[in-house]
Amino acid sequence: MMNYMKPAYLSAIILSLTAVHLQCPGQEIDESAIVMEMSGKMRPVLPRPDTVSMVFLGDIMLHARQISSAAEKFSAKPGNKAVSVHEAFDFSQFFSEIRRYISDSDLAVANMEFTLGGTPFTGYPAFSAPDSYAEYLADCGIDIFLTANNHIMDRGSKGAARTLEKYAGLEGQYGIRTTGTYATPEQYCKGNPLVMNVSGIKAAFINFTYGTNLAGKDEYPKVNMSEKSRLKHLIQKAEDAGADVIIALPHWGEEYSLRHSESQYELAEWLACNGTDIIIGTHPHVVQDSTTIKTCGGKKVPVFFSLGNAISNMSAPNTQVGLMARIDMVKLMNGTVRILPARLTYLWCSLPGRLKDTHCTIPVKEYLSRAGSWKMPYEYEKMVGTYIRIKAETGIED
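The text that follows walks through the structure, step by step, so that each part is easy to find. Here, residues in each chain are numbered from 1, in the same order as that chain's written sequence. Residues qualify for local features only when their pLDDT is at least 70, as the model is predicted, and side-chain atom pairs are given and counted only at 80 or more; totals for whole chains, interfaces and linings, by contrast, use all residues. Values shown for side chains rest on all heavy atoms present in the structure; no hydrogens or waters enter the calculation.

1. Some details on the side chain of Lys 73
Phase 1: Looking at the secondary structure, you find Lys 73 in helix α2 (residues 64-76).
Phase 2: Here Lys 73 is buried and forms no salt bridge, its nearest opposite-charge partner Asp 357 lying at an N-O distance of 4.2 Å.
Phase 3: Note on definitions: a residue-residue contact is assigned when non-hydrogen atoms from the two residues lie within 4.5 Å. If sequence neighbours within four positions are ignored, Lys 73 has contacts with Asp 90, Ser 92, Gln 93, Asp 357 and Thr 358. Helix and strand definitions here come from DSSP, where helices need a minimum of 4 consecutive H or I residues and strands a minimum of 2 consecutive E residues; each element is numbered from the N-terminal end. Exposed residues in this analysis have more than 50% of their type's maximum accessible area, buried residues have under 20%, and partly exposed residues fall in between, with area computed by a 1.4 Å probe over protein chains only. A positive count includes Lys and Arg, and a negative count includes Asp and Glu. His and the chain ends are not counted in either. One side-chain nitrogen of Lys or Arg within 4 Å of one carboxyl oxygen of Asp or Glu is enough to make a salt bridge.

In structure tokens, the structure reads:
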């Protein structure tokens, strides 16, 4: 007499065979774990693929009015006493409305468009911020400080060296990393590009600039420049290091233009064809259009030409709107990494006395229905009008 298997055990065997089949090399699986029934309980057969979320912000600036408004807010609190001149500032409102977006990601990246060059603290054209500003940004959850920009040498080689020294202290305290400018030949060779293992995905970050406003007197600190031969070498180094994804972070483009230039596109196409997987730019101080470049090998590379300002004191047309890009990645069971479509959030930098006491960056969509929140209704109207115009001119939807 033949022994027939019970349906429950038969289902278990079928699911087991399905699980084995889905682990074959070269095949992709759904993010959800496959489960099978055994003794009335559900247990996972395959683990969830590694997933990573990265948030990118544009230009973080500190103009003279930002310095004074943060100082005024600090002095307005009874009992506040600064241990040093660097601590006599309250930046707490700057990112209070978007802090959760930053801290909720696995990794947050932003362009630091200032130096920590020491006193006197100054804004444009030669930026030097209090040390506590960088500490505040690290405390908000920004993990990678981009330093290759046109202002990194505003206080000369000495100012750039001091900036990197202070950032090194923040690395020990907050775990932040920097890339784009290097204090020593050893850092320039060994830490360039920056390669990090983020929740199971190895990511390489290549940050570079078209130039600096002032030239350093010394060979070091050295800034990555947009020289193709050097960039090709950095991409190759990232590949040799086993990077799953290579992210190019250029400081480029024409200031205040909502559309990318021909030279930006040419370099973006070159970067895509030479191995980069994502391209995210800064410098123009306004949001620029985006595109996807398809390489000759069939790879699709997303390009965001400019994220605009994350925070500043600018009020010229289009400069108060910025863009925050969240990009999720999934490492599949066969080892390949899938880059998911970016989730974009338009930001607005409100100036002192208009929404809050000091500068404050807010998510635009969350405030479209809150016209009554403004102390100065004019700025609400300006935000709405700018938001609509930039979306129409760049084609970027949030």
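2. Describing unusual backbone geometry
Phase 1: A cis amide bond, omega -5 degrees, links Thr 119 with the succeeding residue Pro 120.
Phase 2: Residue placement: Pro 120 occurs in the loop between β4 (107-112) and α4 (131-140).
Phase 3: Backbone torsion omega between Asn 192 and Pro 193 reads 10 degrees, so that peptide bond is classified as cis.
Phase 4: Tracing the backbone through its elements, the reader meets Pro 193 in the loop between α6 (185-190) and β8 (194-198).
Phase 5: With a phi close to 115 degrees, His 283 is a non-glycine residue in the positive phi region.

3. Overview of the pattern of salt bridges
Phase 1: Considering all chains together, one arrives at 21 salt bridges under this definition.
Phase 2: The salt bridge involving Arg 177 is made with Glu 171; its shortest N-O contact spans 3.6 Å.
Phase 3: Salt-bridge contacts for Lys 375 lead to Asp 357; the nearest nitrogen and oxygen are separated by 3.0 Å. One end of the pair, Lys 375, is in the loop between α9 (364-367) and α10 (377-394); the other, Asp 357, is in the loop between β18 (343-350) and β19 (360-363), and 18 residues separate them in sequence.
Phase 4: Under the relative-accessibility criterion, Asp 357 is labelled partly exposed at 47%.
Phase 5: Within this structure, Lys 365, Lys 391, Glu 397 and Asp 398 form a network of salt bridges that share partners.

4. Focus on empty space enclosed by the protein
Phase 1: Cavities and pockets are defined on a 1 Å grid built over the protein atoms alone: a cavity is a set of grid points where a 1.4 Å probe fits but cannot escape, while a pocket is an open set with protein on both sides within 12 Å along at least five of seven lines, and lining residues are those with an atom within 4 Å of any such point. Grid points are joined across faces, edges and corners, and a volume is the space filled by probe spheres set on the points. Across all of its chains, the model carries 1 cavity of 30 Å³ or more by this definition.
Phase 2: Put simply, the largest cavity is a space of about 60 Å³.
Phase 3: Lining the largest cavity are Phe 56, Leu 57, Asn 111, Leu 146, Asn 207, Leu 249, Pro 250, His 251, Ile 280, Gly 281, Thr 282 and Leu 307.
Phase 4: Under this grouping Gly is polar, as are all residues other than the nonpolar Ala, Val, Leu, Ile, Met, Phe, Trp, Tyr, Cys and Pro and the charged Asp, Glu, Lys and Arg. Of the residues contributing to the lining of the largest cavity, the split by class is 7 nonpolar, 5 polar and no charged.

5. What about the packing of aromatic side chains?
Geometrically, a pair of aromatic rings is defined through the distance of the ring centres and the angle of the planes.
Phase 1: Ring pairs are drawn from Phe, Tyr and Trp, using the six-membered ring of Trp, whenever the two centres fall within 6.5 Å, and their geometry is named by plane angle: stacked under 30 degrees, edge-to-face over 60, tilted for the rest. For the coordinates displayed, the defined rule picks out 15 aromatic pairs.
Phase 2: Consider the rings of Phe 114 and Tyr 133, whose centres lie 5.2 Å apart with planes at 50 degrees: the pair is tilted. With Phe 114 in the loop between β4 and α4 and Tyr 133 in helix α4, the pair connects residues that are 19 residues apart, well separated along the chain. Across this residue pair, the class does not change: Phe 114 and Tyr 133 are buried.
Phase 3: One aromatic cluster is present, built from ring pairs that chain together Phe 89, Phe 91, Phe 94, Phe 114, Phe 121, Tyr 133 and Tyr 136.
Phase 4: Lys 222 extends its terminal NZ or CZ atom over the ring of Tyr 188, reaching a point 4.8 Å from the ring centre. Two conditions define a charge located above a ring, namely a distance within 6 Å from the ring centre to NZ of Lys or CZ of Arg, and an angle within 35 degrees of the ring normal.

6. A word on the environment of Leu 347
Phase 1: Mapping Leu 347 onto the fold places it in strand β18.
Phase 2: Each C-alpha atom, one on Leu 347 and one on Val 364, is 5.3 Å from the other, the two residues being 17 residues apart in sequence.
Phase 3: Here Leu 347 is in contact with Leu 57, Ile 98, Gln 320, Val 321, Gly 322, Met 324, Thr 361, Ile 362, Pro 363 and Val 364, once residues within four sequence places are set aside.

7. A short note on α4
Phase 1: With 8 of 10 residues buried, α4 is to be regarded as a mostly interior element.
Phase 2: If you check which residues of α4 are buried, you get Asp 131, Ser 132, Tyr 133, Ala 134, Tyr 136, Leu 137, Ala 138 and Cys 140.
Phase 3: Remark: Gly 141 follows α4 within two positions and exhibits a positive phi of approximately 115 degrees.

8. A short note on the sheet that holds strand β9 (residues 201-209)
Phase 1: Two strands qualify as a pair provided DSSP detects at least 2 bridges between them. If you walk across this open sheet you meet the 6 strands as β8-β9-β11-β12-β14-β13, and the pairing is mixed. Among the strands making up the open sheet, the edge pair consists of β8 and β13 (290-294). Averaged over neighbouring strand pairs, the angle between their axes works out to 20 degrees when direction is ignored.
Phase 2: Judged from the 7 bridges that link them, β9 and strand β11 (residues 245-251) form a sheet pairing that is parallel. Across the sheet, residue Phe 208 finds its bridge partner in β11, namely Pro 250.
Phase 3: Contacts from helix α7 (residues 228-240) reach β9 and β11 within the one sheet, and its direction differs from that of β9 by about 170 degrees.
Phase 4: Note on definitions: angles span 0 to 180 degrees between N-to-C directions of axes, and those axes are lines fitted to C-alpha atoms, for helices only across the stretch in contact. Of the strands in this sheet, β9, β11, β12 (278-280), β13 and β14 (300-304) are in contact with helix α8 (residues 262-273), which crosses β13 at around 45 degrees.

9. Section: the packing of α7 against α8
Phase 1: Where α7 contacts α8, the two axes come as close as 11 Å, and the packing angle between them is 30 degrees. Classed by the angle they form, the pair α7 and α8 counts as roughly parallel. The chirality of how α7 crosses α8 is right-handed. Only Glu 266, Leu 267, Trp 270 and Leu 271 of α8 make contact with α7, whose side of the interface consists of Lys 228, Leu 231, Lys 232 and Ile 235. Orientation is classified from the angle alone, with under 35 degrees giving roughly parallel, over 145 giving roughly antiparallel, 65 to 115 giving roughly perpendicular, and any other angle giving oblique. We call a crossing left-handed when the near helix sits turned anticlockwise from the far one by less than a right angle, and right-handed when that turn is clockwise.

10. Here's the deal with the layout of surface pockets
Gaps left between atoms show up when a probe the size of a water molecule is rolled over them.
Phase 1: Here the largest pocket defines a volume of roughly 380 Å³.
Phase 2: Looking at the largest pocket, it is lined by 18 residues, and the ones nearest its centre are Asp 277, Lys 300, Pro 302, Arg 338 and Ile 339.
Phase 3: Sorting the residues of the lining of the largest pocket by element identifies β14 and β17 (337-339) as the ones contributing at least two each.
Phase 4: When residues in the lining of the largest pocket are grouped by element, the largest group, 4 residues, is from β14.
Phase 5: Taken together, the residues of the lining of the largest pocket break down into 10 nonpolar, 3 polar and 5 charged.

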